[in-house]
Amino acid sequence: MAPDVRAALFDKVDLIKVDFKFTREKLSRVGDDSPQHIIEELVQLRQPEMPLVIEGIESEEDVIFIQNHWKKDYGYLYCQGWAVQVSRLLVPFFEPCNTPDFPKGYRVVPETGGS
């Protein structure tokens with residue numbers, strides 16, 4: 001992306017979200033590439049004062065890799081994927097889908113009652 005385009009868009013962006021395919025490509029190299037090199041490729045996507053969200057955390061191994069190699073001084077990292085579970089605090093607001101298409105998926109529990 002051209003630097004002037006990047007600068008023009010920067011104030012309109014609230015977070016940086018890394019595509020599933022990009023994350024999967026990087027994490028597929030675990031064992032073949034140095035962990036630090038893989039993490040550095042993710043760190044380079046960060047922008048100051050913006051959350052970084054990576055999609056594609058699909059296994060316990062992915063979670064362990066991120067936990068072991070993402071350093072606090074890189075900033076906050078948010079993850080999405082099948083291996084990321086709903087927090088105990090949020091359980092009352094979500095229900096499992098339990099369908100073949102979404103065996104581990106969750107949906108927001110609709111409000112009950114009404115006006």
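Just above sits the structure.
Residues numbered from 1 in each chain as written. Predicted model: local features only at pLDDT ≥ 70, side-chain atom pairs only at ≥ 80, totals over all residues. Heavy atoms only, no water.

A. Region of the structure containing the overall build of the protein chain. Within the protein chain one finds 4 helices and 5 strands. The N-to-C order of helical and strand elements in the protein chain reads α-β-α-α-β-α-β-β-β. Taking all 115 residues of the protein chain together, 22% fall into the buried category. Contacts spanning at least 24 positions in sequence make up 58% of the contacts within the protein chain whose residues lie at least 6 apart. (Helix = DSSP H or I, 4+ residues; strand = E, 2+ residues; numbered from the N terminus. Buried < 20%, exposed > 50% of the residue type's maximum accessible area, 1.4 Å probe, protein only. Contact = heavy atoms within 4.5 Å.)

B. Region of interest: helix 4 (residues 60-69). Among the residues of helix 4, Asp62, Phe65 and Ile66 are the ones counted as buried. Down the axis of helix 4, the sector holding all buried residues measures 95°, keeping them to one side. Across helix 4 from its buried face, at more than 90 degrees, point the exposed residues Glu60, Glu61, Gln67 and Asn68. Residues of helix 4 that are buried make contact with helix 2 (20-27), helix 3 (35-43), strand 2 (52-54) and strand 3 (77-79). (Arc of directions from axis to C-beta.)

C. Unusual backbone geometry, seen in detail. Despite not being glycine, glutamate 49 shows a phi value in the positive range, around 65°. Following the sequence through the fold, glutamate 49 ends up in the loop between helix 3 and strand 2.

D. Representation of the layout of surface pockets. In this structure, the largest pocket encloses a volume near 280 Å³. What lines the largest pocket is a set of 13 residues, among which Met1, Arg6, Ile16, Leu45 and Gln47 lie closest to the centre. For the lining of the largest pocket, the elements supplying multiple residues, two or more each, are helix 1 (3-10) and strand 1 (16-18). Across the lining of the largest pocket, the residue classes tally to 8 nonpolar, 2 polar and 3 charged. (1 Å grid on protein atoms, 1.4 Å probe; cavity = no way out; pocket = protein on both sides within 12 Å on 5 of 7 lines; lining within 4 Å. Points joined across faces, edges and corners; volume = space filled by probe spheres on them. Nonpolar A, V, L, I, M, F, W, Y, C, P; charged D, E, K, R; others polar.)

E. Up close: the pattern of salt bridges. Summed over all chains, the structure comprises 7 salt bridges. As a salt-bridge pair, lysine 17 and glutamate 55 come within 3.3 Å of each other at their nearest N and O atoms. Highlighted residues: lysine 17 in strand 1 and glutamate 55 in the loop between strand 2 and helix 4, separated in sequence by 38 residues. Residue lysine 17 is classed as partly exposed on the basis of its relative accessible area of 46%. Among the ionic pairs, lysine 26 bridges to glutamate 41, the shortest N-O distance being 2.8 Å. (Salt bridge = Lys/Arg side-chain N within 4 Å of Asp/Glu carboxyl O.)

F. Main features of the packing of aromatic side chains. Scanning the model with the defined rule gives 2 aromatic pairs in all. Centre to centre, the rings of tryptophan 70 and tyrosine 74 are 5.1 Å apart; their planes meet at 70°, and the pair counts as edge-to-face. What makes tyrosine 74 buried here is its relative accessible area of 15%. (Phe/Tyr/Trp six-rings, centres within 6.5 Å; stacked < 30°, edge-to-face > 60°.)

G. Summary view of the sheet that holds strand 3. The 3 strands are arranged 1-2-3 in an open sheet whose pairing can be described as parallel. Strands with a single pairing partner mark the edges of an open sheet, and in this sheet they are strand 1 and strand 3. When strand polarity is set aside, the average angle formed by the axes of neighbouring strands in this sheet is 25°. Sheet analysis places strand 1 next to strand 2, joined by 3 bridges and oriented parallel. Residue pairing in the sheet places valine 18 in a bridge with isoleucine 54 of strand 2. (Pairing = 2+ DSSP bridges. Axes fitted to C-alpha atoms, helices over the stretch in contact; angles between N-to-C directions.)

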